[in-house]
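Summary of structural features
Here is how the chains run, residue by residue.
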Amino acid sequence: MSVPAHSQEMPAIEKLNPLQHMRPEDYTALWQKLFATVLHGFWARFFFYALLCMALYVGIRQRNPTLAGICIVIAAIVAYGAGVMGLFHSLHW
């Protein structure tokens, strides 16, 4: 006995997709506002250094290179995200 296609639940990875829950314009505006406010100036530097320290601690002390790599990637996003968003915004015609 098979279950009808319309009653099947969405896969878990699709539930994590933010574009399933909001319009693409709202999603872009959310990230632009986030980089313009929280991830700018003091807080960007604070989060960057905190994530780097956490990556070093997790990588050296707890010997978890996967989590350390994730911390470094997030730190890079915090450090360079605003510039990349500005570049894409200026290239969009």
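Scroll up for the structure.
A brief report on the enclosed structure follows. (Residues numbered from 1 in each chain as written. Predicted model: local features only at pLDDT ≥ 70, side-chain atom pairs only at ≥ 80, totals over all residues. Heavy atoms only, no water.)

Describing the overall build of the protein
The following threshold applies: The way it works is that DSSP assigns letters per residue, a run of H or I at least four long becomes a helix, a run of E at least two long becomes a strand, and they are numbered from the N terminus. The rule is simple: take the accessible area with a 1.4 Å probe, protein chains only, and divide by the maximum for that residue type; under 20% is buried, over 50% is exposed, in between is partly exposed. Any two residues whose heavy atoms approach within 4.5 Å at even a single point are treated as in contact. For the accessible areas, the method is Shrake-Rupley and the probe is 1.4 Å, while residue cover comes only from the protein chains on display.
A tally of helices and strands in the protein yields 4 helices and 0 strands. Going through the 93 residues of the protein one by one, you find that 12% of them count as buried. Nonlocal contacts in the protein, meaning residues at least 24 apart in sequence, comprise 44% of its contacts between residues at least 6 apart. For the protein, the accessible surface area stands at approximately 7,900 Å², while carbon and sulfur atoms represent 69% of it.

Focus on the nonpolar core
Under the convention used in this document: Residues grouped as a nonpolar core are buried Ala, Val, Leu, Ile, Met, Phe, Trp, Tyr and Cys residues, joined through side-chain atoms within 4.5 Å.
Phe35, Leu39, Ala44, Leu51, Ala75 and Val78 form the largest nonpolar core, which has 6 residues in total. Val78 has contacts with Leu39, Ala44, Phe47, Phe48 and Leu51, leaving out every residue within four places of it along the chain.

Side note on the pattern of salt bridges
Where charged atoms from two side chains of opposite charge come close, those side chains can pair. Under the convention used in this document: Salt bridge criterion: a side-chain nitrogen from Lys or Arg within 4 Å of a carboxyl oxygen from Asp or Glu.
Going through the model one piece at a time under the given rule, you end up with 2 salt bridges. The network of salt bridges with common partners includes Arg23, Glu25 and Asp26.

Some thoughts on the environment of Ile70
Its place among the elements puts Ile70 in helix H4 (residues 65-91). Judged by relative accessible area, which is 44%, Ile70 ranks as partly exposed. When the C-alpha positions of Ile70 and Leu51 are compared, they lie 9.4 Å apart, and in sequence the two are 19 residues distant.

So, the packing of aromatic side chains
What counts is decided by this rule: By convention, a stacked pair of Phe, Tyr or Trp rings (six-membered ring in the case of Trp) has centres within 6.5 Å and planes under 30 degrees apart, an edge-to-face pair has planes over 60 apart, and any other such pair is tilted.
By the definition in use, this model includes 7 aromatic pairs. Aromatic pair Tyr27 and Trp31: ring centres 6.4 Å apart, planes at 80°, arrangement edge-to-face. Placement of both Tyr27 and Trp31 in helix H2 (residues 24-36) is noted, with a separation of 4 residues, approximately one turn of the helix. Taking relative accessible area as the criterion, Trp31 reaches 31% and is therefore assigned partly exposed. For the pair Phe48 and Tyr49, a centre-to-centre distance of 5.5 Å together with 70° between the ring planes defines the contact as edge-to-face. According to the relative accessible area criterion, Phe48 is partly exposed, its value standing at 24%. You can call Tyr49 exposed: its relative accessible area is 51%. Members of the aromatic cluster, connected to one another through ring pairs, are Phe42, Trp43, Phe46 and Phe47.

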